[in-house]
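Residues per chain are reported as follows:
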Amino acid sequence: RLSKRVRRLKVWLYNLLESDTGPYRLLYDAFALFVVITSSIPIVIELTVKMPLPPDLKRFFDYYEEVSLWFFVVEYLLRLWVVSDFTDDFREALLKGYSPFKAFLYALKPKLRWAVKPYSIIDLLAILPVLRPFRTLRLLRLLRILKIFRYTYAVRSLLLAIKEEAPIITFILI
């Protein structure tokens, strides 16, 4: 029973995070794009404005950056989880006669293929500042801005859909 719920959750998350046709994908991408842009503001200010921020604004930006960083850590881990079913792949390899170690490698292969894609590498580099030693590397913090490319297509599609359905939306709102 739990396994069915977990599988349904995994499919729903896959459609949300990875599938180009997921019904909530555009909304999620728009939200994630908002987080990317707003969490990048302190970095841009830090690099362009040569005067210190007021302490309360700096504290707010630090807190918001921490929250957004953990948001992207969770997103990365969820994407890694939904990209394949490790247990099913492992069982399949064992049934094919693979040794447990080779079955492990066989089951790991789809996740590794996902992890070396350009977007996945950018995502990984963007979350490295969650580790304290990497916090001070501005370049890694700036890489978060590259995440915009992951969500740009979705936002364009969302705006196009809103434009196409504007008469209906206007009628509903009035």
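The sections below set out a description of the structure shown in this document. (Residues numbered from 1 in each chain as written. Predicted model: local features only at pLDDT ≥ 70, side-chain atom pairs only at ≥ 80, totals over all residues. Heavy atoms only, no water.)

### Section: the packing of aromatic side chains
Each aromatic ring pair is characterised by the separation of its centres together with the angle its planes make. The criterion, for reference: Ring geometry is summarised as follows: Phe, Tyr and Trp rings, the Trp one being its six-membered ring, pair when their centres sit within 6.5 Å, and such pairs are stacked at plane angles under 30 degrees, edge-to-face over 60 and tilted between the two. Only protein chains enter the calculation, and the probe is 1.4 Å; a residue is then buried if its accessible area is under 20% of its type maximum, exposed if over 50%, and partly exposed in between.
Scanning the model with the defined rule gives ten aromatic pairs in all. With centroids separated by 5.1 Å and ring planes inclined at 75°, the aromatic side chains of Phe71 and Phe72 adopt a geometry described as edge-to-face. Using a relative accessible area of 24% as the deciding quantity, one classes Phe71 as partly exposed.

### Some remarks on the packing of helix H3 (residues 55-82) against helix H5 (residues 100-115)
Packed helices, taken two at a time, are described by the angle between their axes plus the distance between the axes. This is how it is decided: Axis geometry follows a simple rule: fit a line to the C-alpha atoms, using only the stretch in contact for helices, then measure angles between N-to-C directions, giving values from 0 to 180 degrees. Helix and strand assignments come from DSSP, with helices taken as H or I runs of at least 4 residues and strands as E runs of at least 2, each series counted from the N terminus. Roughly parallel refers to an angle under 35 degrees, roughly antiparallel to one over 145, roughly perpendicular to one between 65 and 115, and oblique to any angle outside these ranges. A crossing counts as left-handed when the near helix is turned anticlockwise from the far one by less than a right angle, and as right-handed when that turn is clockwise. For this analysis, residues touch if any pair of their heavy atoms sits within 4.5 Å. Under this grouping Gly is polar, as are all residues other than the nonpolar Ala, Val, Leu, Ile, Met, Phe, Trp, Tyr, Cys and Pro and the charged Asp, Glu, Lys and Arg.
H5 packs onto H3 with a crossing angle of 135° between their chain directions and a minimal axis gap of 9 Å. Comparing the axis directions of H3 and H5 gives the class oblique. The crossing of H3 and H5 is right-handed. Contact with H3, carried on its side by Tyr76, Arg79, Leu80 and Trp81, involves Lys111, Trp114 and Ala115 of H5 and no other residues of that element. Residue classes in the contact of H3 with H5 are distributed as five nonpolar, no polar and two charged.

### Description of the environment of Ser19
Quick reminder of the rule: We call two N or O atoms a polar contact when they sit within 3.5 Å, provided that within protein one can donate a hydrogen and the other can accept it, with sequence-adjacent residues counted only if both atoms are side-chain atoms.
Structurally, Ser19 is set in the loop between helix H1 (2-17) and helix H2 (25-48). Overall, Ser19 belongs to the buried group, its relative accessible area being 9%. Each C-alpha atom, one on Ser19 and one on Val83, is 10.0 Å from the other, the two residues being 64 residues apart in sequence. In this view, Ser19 contacts Tyr14 and Arg25; residues no more than four positions away in its chain are not counted. A distance of 3.1 Å separates the side chain of Ser19 from the side chain of Thr21, its partner in a polar contact.

### A closer look at the packing of helix H4 (residues 86-95) against H5
Between H4 and H5, the least distance of the axes is 8 Å, while the angle of their chain directions is 140°. The angle between H4 and H5 falls in the class oblique. Seen along the crossing, H4 lies across H5 with a hand that is right-handed. Counted together, Phe86, Asp89, Phe90, Glu92, Ala93 and Leu94 of H4 and Pro100, Ala103, Phe104, Tyr106, Ala107, Leu108, Pro110 and Lys111 of H5 form the full contact between these two elements. In terms of residue class, the contact of H4 with H5 is made up of eleven nonpolar, no polar and three charged.

### Comments concerning the nonpolar core
Among soluble globular proteins, nonpolar side chains are generally buried collectively. The test is simple: The set of buried Ala, Val, Leu, Ile, Met, Phe, Trp, Tyr and Cys residues whose side-chain atoms join them within 4.5 Å is what this entry labels a nonpolar core.
Among the nonpolar cores identified, the biggest contains nine residues, and these are Val35, Val36, Leu69, Phe72, Val73, Tyr76, Trp114, Ile127 and Val130. At the level of elements, H2 and H3 are the ones that each hand at least two residues to this core. Among the elements that make up this core, the one with the highest residue count is H3 (four residues). When neighbours within four sequence positions are excluded, Tyr76 is seen to be in contact with Trp114, Ala115, Ser120, Asp123, Leu124 and Ile127. In terms of nonpolar packing, the next biggest core, distinct from the first, is built from six residues, Leu13, Leu17, Tyr28 and Val82 among them.

### Regarding the pattern of salt bridges
Where we set the bar: Should a side-chain nitrogen of Lys or Arg be within 4 Å of a carboxyl oxygen of Asp or Glu, the pair is scored as a salt bridge.
Under the counting rule described, the total for this entry stands at nine salt bridges. With a closest N to O distance of 3.1 Å, Arg7 and Asp88 form a salt bridge. Of this pair, Arg7 sits in helix H1 while Asp88 sits in helix H4, and the two are 81 residues apart along the sequence. Classification of Asp88 as partly exposed rests on a relative accessible area of 28%. A salt bridge links Asp29 to Arg25, with the nearest nitrogen and oxygen atoms 3.0 Å apart. On the criterion of helical spacing, the pair formed by Asp29 and Arg25 is a turn pair, its members being four residues apart in helix H2. For the pair Asp29 and Arg25, a shared accessibility class is recorded, and that class is buried. A single network of salt bridges, built from pairs that share partners, joins Arg7, Asp85, Asp88 and Arg91.

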